[in-house]
Amino acid sequence: MWVALTGTPGTGKSSVSTRLQKQGYTIVRLHQLARENNCIDGIDKKRNSQLIDVDKLNKSIKKNFANDALVFFEGHVGHLLKTMDKVVILRCHPKELKKRLTKKKWSTKKIKENVDAETIDVILCEAIEQHPQKNVFEIDTTNKTMQEVATIIIKIAKKNFQPTKTYTIGQIDWSEEIFKEYPT
Ligand SMILES: Nc1ncnc2c1ncn2[C@@H]1O[C@H](COP(=O)(O)OP(=O)(O)OP(=O)(O)O)[C@@H](O)[C@H]1O
Ligand SMILES: [Mg+2]
């Protein structure tokens, strides 16, 4: 089973993946995989980030991981990949996300762009364009440690990613934060 571990930057994908890896799970870092398999399509100069060719990346996953049982694919493009059987989205309250991204020493503009995206559910919307809702899970990481988040993912994995009430999509709504942060 191929599982995308996705989320807005700062929601904890990499940190949680490292914990899953330590507990014996297979983790593939998508940006690294894209680089190694020539799936980079250019540079977004405005954002100084690499553009990933999603079709090429899907093909490369099919070629390289055909025999693997459970693999977590970590990175914020994971939910765009049709090859994924399941999608786990890490979420974080905008206020806390801002703190986490500030700690990363990102520019004010980049922080705002990502906090806004988290507030209006950009990744969730993109995910449900590509995947049936029953295959998509959301975990609110705001008041959880990275280990707690990893433990939740393991619990979901052990139940073979059957839909579970607690992590069913649509329960998180931070849209009001837009007005708090940016009053008109
Ligand atoms: N559950 C958590 N509680 C507190 N801090 C966290 C949590 N998860 C991550 N962090 C912190 O937030 C920051 C961002 O985490 P991380 O780099 O894992 O996010 P990411 O989703 O991989 O981001 P990116 O998309 O930029 O790679 C780090 O400083 C990390 O220590
Ligand atoms: Mg990361």
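Residues numbered from 1 in each chain as written. Chains lettered and ligands numbered in written order. Predicted model: local features only at pLDDT ≥ 70, side-chain atom pairs only at ≥ 80, totals over all residues. Heavy atoms only, no water.

Caption draft 1: Inspection of unusual backbone geometry at higher detail. Unusually for a residue other than glycine, aspartate 121 sits at a positive phi of about 60°. Within the secondary structure, aspartate 121 is located in the loop between α5 (108-119) and α6 (122-130). Positive phi values are uncommon outside glycine, yet asparagine 160 reaches one of about 60°. Locating asparagine 160 in the fold gives a position in the loop between α7 (146-158) and α8 (177-181). (Helix = DSSP H or I, 4+ residues; strand = E, 2+ residues; numbered from the N terminus.)

Caption draft 2: View of the site of ligand 1. Around ligand 1, the structure places 16 residues, and the nearest of them are Lys13, Ser14, Ser15, Lys104 and Lys144. Between ligand 1 and glycine 10, the relevant distance is 3.0 Å, taken from an oxygen atom to a main-chain nitrogen or oxygen of the residue. Contact between ligand 1 and lysine 144: a nitrogen atom at 2.8 Å from a main-chain N or O atom of the residue. For ligand 1, whose accessible area on its own is 640 Å², the fraction buried by protein is 78%. Broken down by class, the residue content of the shell around ligand 1 amounts to three nonpolar, nine polar and four charged. (Near = heavy atom within 4 Å. Polar contact = N/O pair within 3.5 Å; in protein donor to acceptor, adjacent residues only side chain to side chain. Areas by Shrake-Rupley, 256 points an atom, 1.4 Å probe, with all protein chains shown as cover. Nonpolar A, V, L, I, M, F, W, Y, C, P; charged D, E, K, R; others polar.)

Caption draft 3: Highlighting the pattern of salt bridges. What the rule picks out here adds up to six salt bridges. Note that aspartate 121 and arginine 91 form a salt bridge whose closest N and O atoms lie 2.8 Å from each other. You can see aspartate 121 sitting in the loop between α5 and α6 and its partner arginine 91 sitting in strand β6 (residues 86-91), a full 30 residues away along the chain. The residue arginine 100 makes a salt bridge to glutamate 96 at a minimum N-O spacing of 3.0 Å. On the criterion of helical spacing, the pair formed by arginine 100 and glutamate 96 is a turn pair, its members being four residues apart in helix α4 (residues 94-103). Salt bridges linked by common partners bring Arg91, Glu118, Asp121 and Glu138 together as one network. (Salt bridge = Lys/Arg side-chain N within 4 Å of Asp/Glu carboxyl O.)

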